[in-house]
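Reading the structure
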Amino acid sequence: SDWSGARSSSSSSSSSCLNDEKMPMYMLNSPAWYLSSTLKECCERHFHWDFNICMGTEVEGSNKWYVNYGASTCVQDCVGAAPCGGIAESWDEVFADKKKCCDEKMW
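No experiment lies behind these values; they were computed from the predicted model shown.

Here we come to helix 3 (residues 39–46). Those residues of helix 3 not exposed but buried are Cys 42, Cys 43 and His 46. An end-on view of helix 3 places all buried positions within 95 degrees of arc, on one side of the element. Where helix 3 is buried, its residues meet strand 1 (3–4), helix 2 (31–34), strand 2 (35–36) and helix 4 (51–55).

For the rest of this paragraph, the subject is the packing of aromatic side chains. Enumeration over the complete set of coordinates arrives at two aromatic pairs. Here the aromatic rings of Tyr 26 and Tyr 34 are separated by 5.2 Å at their centres, their planes lie at 85 degrees, and the arrangement is edge-to-face.

About the thresholds
- Residues numbered from 1 in each chain as written.
- Predicted model: local features only at pLDDT ≥ 70, side-chain atom pairs only at ≥ 80, totals over all residues.
- Heavy atoms only, no water.
- Buried < 20%, exposed > 50% of the residue type's maximum accessible area, 1.4 Å probe, protein only.
- Helix = DSSP H or I, 4+ residues; strand = E, 2+ residues; numbered from the N terminus.
- Arc of directions from axis to C-beta.
- Contact = heavy atoms within 4.5 Å.
- Phe/Tyr/Trp six-rings, centres within 6.5 Å; stacked < 30°, edge-to-face > 60°.

In structure tokens:
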């Protein structure tokens, strides 16, 4: 059975690929785009920006520091209460400590 993405159901998040026979006709009409042979392939194609959620894996932060420009401060790469600012994006430059982050990025 093939994996299909870019659809949601009441039991799944919007960033998920499903392996069932309930694909809508538009997916069946374009199988080269909508159907994948593995969950990983489906997640990479349809939900690359939310890959870990799609794969059902949790990401843990590095506990390093990066700039949250919206808050005008450096935050920690972790999930939870402050000073955690969420998981850093791949393009965020990270630093070993808050002082180094602020010294280099907040001027």
